[in-house]
Amino acid sequence: MGALKPWHIAVLVVVLILLFGAKRLPDAARSLGRSLRIIKAETKSLHDDDRDLAEKADAQSGYQTLPPQAAQPQQAPFQASPQQQPVVDPVQRVRDN
């Protein structure tokens, strides 16, 4: 049922000749071949990109984190140090005066 018979191909060729004419068929086949080559190259390029990304991910998974350095006491960024004055809201300062 799904196989192409020789008469199917003959009908297809006749329809193509009637639609495009005998002069345009070689150009149409040539452009179709170019399009298929471009699609094949792009597909291969996408496949290679995926493979490169997978290799980079495998290489990066081998990295080890550095051991923690000696703990230094750190001040929280929102706390004012002794030499700094606390920040005052300008609107509140104007209301107080």
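If you're wondering where the values come from, they're calculated on a predicted model, not measured in any experiment.

Draft legend 1. Local environment of the overall build of the chain. Broken down by element type, the chain carries 3 helices and 0 strands. Along the chain direction, N to C, the helices and strands of the chain fall in the order α-α-α. Going through the 97 residues of the chain one by one, you find that 1% of them count as buried. Looking at the chain as shown, the accessible area adds up to about 10000 Å², and 61% of this sits on carbon and sulfur atoms.

Draft legend 2. The arrangement of the confidence of the model for the chain in detail. Confidence along the chain averages 77 in pLDDT terms, with 69% of residues attaining 70 or more. Taking the mean pLDDT of every element in the chain, the minimum, 73, falls on helix 3 (residues 90-96) and the maximum, 89, on helix 1 (residues 6-20).

Draft legend 3. Quick look at the pattern of salt bridges. One pass over the full model with this rule turns up 2 salt bridges. The salt bridge partner of Arg-30 is Asp-27, with a shortest N-O separation of 2.9 Å. Taken together, the residues Arg-30 and Asp-27, both in helix 2 (residues 25-60) and 3 residues apart, mark about one turn of the helix.

Draft legend 4. Structural context of a negative patch on the surface. Residues Asp-49, Asp-50, Asp-52 and Glu-55 make up a contiguous surface patch of negative charge. Among the secondary structure elements, Asp-49 is positioned in helix 2. Residue classification places Asp-49 among the partly exposed positions, given a relative accessible area of 41%.

Draft legend 5. Layout of helix 1. Compared with an ideal rise of 1.5 Å per residue, which puts 15 residues at 21 Å, helix 1 spans 21 Å between its outermost C-alpha atoms and is within 8% of the ideal. A positive phi of about 90 degrees marks Gly-21, the residue just after helix 1.

Draft legend 6. Summary view of a nonpolar patch on the surface. Judged by side-chain polarity, Trp-7, Val-11, Leu-12, Val-15, Leu-16, Leu-19 and Phe-20 come together as a nonpolar surface patch covering roughly 690 Å² of accessible area. Accessibility expressed as a relative area gives 55% for Trp-7, which makes it exposed.

Conventions and cut-offs
- Residues numbered from 1 in each chain as written.
- Predicted model: local features only at pLDDT ≥ 70, side-chain atom pairs only at ≥ 80, totals over all residues.
- Heavy atoms only, no water.
- Helix = DSSP H or I, 4+ residues; strand = E, 2+ residues; numbered from the N terminus.
- Buried < 20%, exposed > 50% of the residue type's maximum accessible area, 1.4 Å probe, protein only.
- Areas by Shrake-Rupley, 256 points an atom, 1.4 Å probe, with all protein chains shown as cover.
- pLDDT = per-residue confidence, 0-100.
- Salt bridge = Lys/Arg side-chain N within 4 Å of Asp/Glu carboxyl O.
- Patch = residues over 30% accessible without salt bridge, like charges linked within 9 Å, V, L, I, M, F, W, Y side chains within 5 Å.
- Lys, Arg positive; Asp, Glu negative; His and termini not counted.
- Charge placed at Lys NZ, Arg CZ, Asp CG, Glu CD.
- Expected span 1.5 Å × (residues − 1).

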